[in-house]
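# Remarks on the overall topology
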Amino acid sequence: PMTDLYTREQLFETDELGNNLLHRVIINAGDALLNMINDLTKEAEYIITEQDFYRVYESITENLTKEEQKDYLNSKNMHGDTALLIACENTLSVIVDFLLKNIFINPNIANETEKTPLMAVCATQPPAALTIKRKEIIGDLLAREDIDVNLQDENDATALSLAFTD
């Protein structure tokens, strides 16, 4: 394990939007990824945010019980977004892949508009440089045996219908 893990208190500290540390790190990684696409000299910034994700993840597995890990990994911010949904919206394929390997992650948890992670990535129109990553995320989500492709958001849209909406 890494020597500079986050404490339980740091993991559970939330910002004004109800984002815990995992949520904030994923949001930062999304911002860094967009910065990197627009300016390739910013690649190091993105790599640092991705490394911070792994540090947070290891802190979760080292400091929390299995039940706490399940609750934490699926926790929602004030908009009802989970870490997985945030990663999907930001087209963070490496982080999505990593989260989906965890048995505690529930890929069907919807936010306050009833949008699931699959719907989020299907509705996202990322920069052209991320189109392949978007397809990888959709494939990774669809590969999960527990994924429910028939869920509908507050407008009765499914992931499939969102994927073909401009």
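Before reading further, recall that the structure is shown in the block above.
Just so it is clear, the model here is predicted, and its values are computed rather than measured.

So, how was this worked out
- Residues numbered from 1 in each chain as written.
- Predicted model: local features only at pLDDT ≥ 70, side-chain atom pairs only at ≥ 80, totals over all residues.
- Heavy atoms only, no water.
- Helix = DSSP H or I, 4+ residues; strand = E, 2+ residues; numbered from the N terminus.
- Buried < 20%, exposed > 50% of the residue type's maximum accessible area, 1.4 Å probe, protein only.
- Contact = heavy atoms within 4.5 Å.
- Phe/Tyr/Trp six-rings, centres within 6.5 Å; stacked < 30°, edge-to-face > 60°.
- Axes fitted to C-alpha atoms, helices over the stretch in contact; angles between N-to-C directions.
- Parallel < 35°, antiparallel > 145°, perpendicular 65-115°, else oblique.
- Left-handed = near helix turned anticlockwise from the far one by under 90°.
- Core = buried A, V, L, I, M, F, W, Y, C linked by side-chain atoms within 4.5 Å.
- Salt bridge = Lys/Arg side-chain N within 4 Å of Asp/Glu carboxyl O.
- Nonpolar A, V, L, I, M, F, W, Y, C, P; charged D, E, K, R; others polar.
- Polar contact = N/O pair within 3.5 Å; in protein donor to acceptor, adjacent residues only side chain to side chain.

So, on to the overall build of the chain. Helices and strands together make up the secondary structure of the chain, namely nine helices and zero strands. When the helices and strands of the chain are listed from N to C terminus, the series reads α-α-α-α-α-α-α-α-α. The C-alpha extent of the chain, read off along each of the three principal axes, is 45 × 40 × 30 Å. Counting across all 166 residues of the chain, residues that qualify as buried make up 45%. Put simply, of all contacts in the chain between residues at least 6 apart along the chain, 69% involve residues at least 24 apart.

Moving on to the packing of aromatic side chains. For the coordinates displayed, the defined rule picks out six aromatic pairs. For the pair Phe 53 and Tyr 54, a centre-to-centre distance of 5.4 Å together with 65° between the ring planes defines the contact as edge-to-face. Overall, Phe 53 belongs to the buried group, its relative accessible area being 0%. Given a relative accessible area of 25%, Tyr 54 falls into the partly exposed group.

Right, let's get into the packing of helix H2 (residues 21-38) against helix H3 (residues 43-63). The angle between the axes and the distance between the axes are what describe a pair of packed helices. It is the contact of H2 with H3, at a shortest axis distance of 8 Å, that shows an interaxial angle of 165°. The angle between H2 and H3 places the two elements in the roughly antiparallel class. The hand of the H2/H3 crossing is left-handed. Touching Leu 21, Leu 22, Val 25, Ile 26, Asn 28, Ala 29, Ala 32, Leu 33, Asn 35 and Met 36 of H2 are Glu 43, Glu 45, Tyr 46, Thr 49, Asp 52, Phe 53, Val 56 and Ile 60, all from H3.

In terms of nonpolar packing, the biggest core is built from 44 residues, with Leu 22, Ile 26, Leu 99 and Leu 141 touching the most fellow members. At the level of secondary structure, the elements contributing two or more residues to this core comprise H2, H3, helix H4 (66-73), helix H5 (83-89), helix H6 (93-100), helix H7 (117-123), helix H8 (131-143) and helix H9 (159-163). Looking at which element gives the most residues to this core, the answer is H2, with eight residues.

Another point: the pattern of salt bridges. In the structure shown here, the tally under the stated rule is seven salt bridges. In this structure, the salt-bridge partner of Arg 55 is Asp 4, at a minimum N-O distance of 3.8 Å. Highlighted residues: Arg 55 in helix H3 and Asp 4 in the segment before helix H1 (8-12), separated in sequence by 51 residues. For Asp 4, a relative accessible area of 41% puts it in the partly exposed group.

Between H3 and H6, the least distance of the axes is 11 Å, while the angle of their chain directions is 15°. With respect to their mutual orientation, H3 and H6 come out roughly parallel. At the point where H3 passes H6, the crossing takes the right-handed sense. On H6, the residues that touch Glu 50, Phe 53, Tyr 54 and Tyr 57 of H3 are Val 94, Ile 95, Phe 98 and Leu 99. Across the contact of H3 with H6, the residue classes break down as seven nonpolar, no polar and one charged.

Let's shift gears to the environment of Lys 101. Looking at the element boundaries, Lys 101 is found in the loop between H6 and H7. Sequence spacing of Lys 101 and Gln 10 is 91 residues, and the spatial spacing of their C-alpha atoms is 24 Å. At 3.2 Å, the side chain of Lys 101 and the side chain of Asp 97 are in polar contact.

Let us now look at the side chain of Asn 20. Along the chain, Asn 20 turns up in the loop between H1 and H2. A polar atom in the side chain of Asn 20 sits 2.8 Å from the side chain of Ser 75. Setting aside its immediate chain neighbours within four residues, Asn 20 contacts Leu 11, Glu 13, Thr 14, Tyr 72 and Ser 75.

By themselves these figures say nothing about function.
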